[in-house]
Amino acid sequence: MTSLPVEMDVIEIAGAGGPEALTPARRPVPAPGHGQILIRVAWAGVNRPDVLQRMGAYAPPPGASDLPGLECSGHVAAVGPGVTRWRAGDAVCALLPGGGYAEYVLTAADHALAVPAGLSLREAACLPETCFTVWSNLVMRGGLQAGERFLIHGGSSGIGTTAIQIARALGARVWATAGSAGKCAAIESLGATAINYRTDDFVAALRAEGGADLILDMVCGDYIARNLKALADDGRLVLIGSLSGSRAEINFAQVMTRRLTITGSTLRPQSDLAKARIADQLRQHVWPMVELGKLRPVMDEGFALADAAAAHARMEGGAHIGKIVLRVGGE
Ligand SMILES: NC(=O)c1ccc[n+]([C@@H]2O[C@H](COP(=O)([O-])OP(=O)(O)OC[C@H]3O[C@@H](n4cnc5c(N)ncnc54)[C@H](OP(=O)(O)O)[C@@H]3O)[C@@H](O)[C@H]2O)c1
């Protein structure tokens, strides 16, 4: 095994602020503790929660790295005591508690998965955060079944493009909202019916089909009351984000008379064990979808690690479709 450097390049958050708060710096290379692996990062995925963390609105949980970055691909550089799943040199992609915007990062060995056959490291870096989030909310929490009507908001996002493909692979009928013709075309190419929310009403569109059995929502705010109207009786609303704010006034009589379920989750604060359980389900159910070609990350632009600020500016500009990535050690 090649020896590890003492220091590494990272991107720090210099203080809550705009993309310019992302600052190149040097940090010590961390050593893996019990049950952990150290990954030499090839590519790091960029996610909306990274933007929220940079703005000071999504603090890392206790014990997590203060560096941004919730997912990566790369090679195992070292394993900690008690790790039997991986050996140095294995190609992996992994969910991270933070710290992905760096040359090396630590994570729990059970939160890493093998790079699926047929996928590049660049693509594999984009799987963990979206697949953990989508599977745990769509299936483990939302209980999506074949033949059900499923609506996802933000259909062209990293989360949205993943949710559409997984729901289609499960045999659901899928509708997805987006704010431009180009984004709607991308959604249609994934096999979903697109609704341009600037010109069309998603409530009317879903009611005309009998209502949605499940809605995955990242908008919240004034979408909550409209989501309840768009649900079929016994429908489920799963909240994973609040891009329009996290407060809403709703009529709970509807929840009772139409037997609706409102739930939601955030991934990052969950226990290591809960994340390992989701990883097990991904190995069993989602990685086969990737290997059969039913799920492939939709790739937007790649940026060098040192240009992380430009990557955040692209995400906040809102023109992207699918996943933005940072090139760290990858080709
Ligand atoms: N709960 C969890 O554990 C978890 C984990 C990861 C991500 N998330 C959440 O999932 C969402 C998607 O994440 P992502 O990384 O895939 O981000 P992203 O690619 O930036 O997606 C955000 C999408 O939301 C749409 N949107 C709708 N209303 C918006 C508004 N008011 N402001 C900005 N965008 C708006 C945008 O599309 P249009 O242009 O079509 O509006 C955009 O495609 C985020 O809210 C994120 O915080 C939650």
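See above for the structure.
Everything quoted here is computed from the prediction, not taken from an experiment. (Residues numbered from 1 in each chain as written. Predicted model: local features only at pLDDT ≥ 70, side-chain atom pairs only at ≥ 80, totals over all residues. Heavy atoms only, no water.)

Considering a nonpolar patch on the surface
A contiguous nonpolar surface patch, about 330 Å² in accessible area, is contributed by Phe-252, Met-256 and Ile-262. Summarising the element assignment, Ile-262 is placed in strand β13 (residues 261-264). In this structure Ile-262 comes out as partly exposed when scored by relative accessible area, which is 34%. (Patch = residues over 30% accessible without salt bridge, like charges linked within 9 Å, V, L, I, M, F, W, Y side chains within 5 Å. Areas by Shrake-Rupley, 256 points an atom, 1.4 Å probe, with all protein chains shown as cover. Salt bridge = Lys/Arg side-chain N within 4 Å of Asp/Glu carboxyl O. Helix = DSSP H or I, 4+ residues; strand = E, 2+ residues; numbered from the N terminus. Buried < 20%, exposed > 50% of the residue type's maximum accessible area, 1.4 Å probe, protein only.)

Re the pairing of strand β5 (residues 91-95)
Counting buried positions along β5 yields 4 of 5 residues, so the element is predominantly enclosed. Bridge count between strand β4 (residues 71-79) and β5: 5 bridges; the pairing is antiparallel. The partner of His-75 across the bridge, within β5, is Ala-91. (Pairing = 2+ DSSP bridges.)

Details of the site of the ligand
Near the ligand there are 24 residues, and of these Gly-179, Lys-183, Tyr-197, Leu-267 and His-320 occur at the shortest range. Between the ligand and Gly-179, the relevant distance is 2.7 Å, taken from an oxygen atom to a main-chain nitrogen or oxygen of the residue. Considered on its own, the ligand offers 910 Å² of accessible surface; in the complex 87% of this is hidden by protein. Contributing elements (two or more residues each) for the shell around the ligand: α1 (48-54), α3 (128-141) and α4 (158-169). Classifying every residue of the shell around the ligand by side-chain character gives 10 nonpolar, 11 polar and 3 charged. (Near = heavy atom within 4 Å. Polar contact = N/O pair within 3.5 Å; in protein donor to acceptor, adjacent residues only side chain to side chain. Nonpolar A, V, L, I, M, F, W, Y, C, P; charged D, E, K, R; others polar.)

Section: α3
In terms of burial, α3 is largely enclosed, as 11 of its 14 residues are buried. Those residues of α3 that fall on the buried side of the exposure criterion are Pro-128, Glu-129, Thr-130, Cys-131, Phe-132, Thr-133, Val-134, Trp-135, Ser-136, Asn-137 and Leu-138. Of the residues trailing α3, Gly-143 is marked for its positive phi of about 65°.

Quick notes on the packing of α3 against helix α9 (residues 272-291)
With their axes 10 Å apart at the nearest point, α3 and α9 run at an angle of 90° to one another. Comparing their axes, α9 and α3 come out roughly perpendicular. Contacts between α3 and α9 pair Cys-131, Phe-132, Trp-135, Ser-136 and Met-140 from the former with Lys-275, Ile-278, Ala-279, Gln-281, Leu-282, His-285, Val-286, Trp-287 and Met-289 from the latter. Considered class by class, the residues forming the contact of α3 with α9 number 10 nonpolar, 3 polar and 1 charged. (Axes fitted to C-alpha atoms, helices over the stretch in contact; angles between N-to-C directions. Parallel < 35°, antiparallel > 145°, perpendicular 65-115°, else oblique. Contact = heavy atoms within 4.5 Å.)

Some points on helix α7 (residues 223-230)
Those residues of α7 not exposed but buried are Tyr-223, Ile-224, Asn-227, Leu-228 and Ala-230. Buried residues along α7 cover an arc of 160° about the axis, so they all sit on one side. Among the structural elements, α6 (202-207), β11 (212-217), β12 (231-239), α8 (252-257) and β13 are those in contact with the buried residues of α7. (Arc of directions from axis to C-beta.)

Side note on the state of the cysteines
Per the stated rule, a full pass over the model turns up 0 disulfides. Cys-131 takes part in no disulfide bond, and the closest cysteine sulfur to it belongs to Cys-93, at a distance of 8.2 Å. (Disulfide = S-S within 2.5 Å.)

Description of the pairing of β12
Two strands pair when backbone bridges link them, and β11 and β12 are joined in this way by 5 bridges, in the parallel orientation. Counterpart to Ala-212 in the pairing with β12 is Leu-231. At this point the chain moves from β11, through α7, to the parallel β12, and the crossover so formed is right-handed. As judged from the 4 bridges shared by β12 and β13, these two strands associate in the parallel manner. Paired with Leu-239 across the two strands is Gly-264, which belongs to β13. (Right-handed = clockwise from strand over helix to strand, strands pointing away.)

Some words on unusual backbone geometry
Even without being glycine, Cys-220 reaches a positive phi, approximately 65°. By secondary structure assignment, the location of Cys-220 is in the loop between β11 and α7. We note that Arg-259 has phi near 55°; this positive angle belongs to a residue other than glycine. Among the secondary structure elements, Arg-259 is positioned in the loop between α8 and β13. Residue class for Arg-259 comes out partly exposed when judged on its relative accessible area of 46%.

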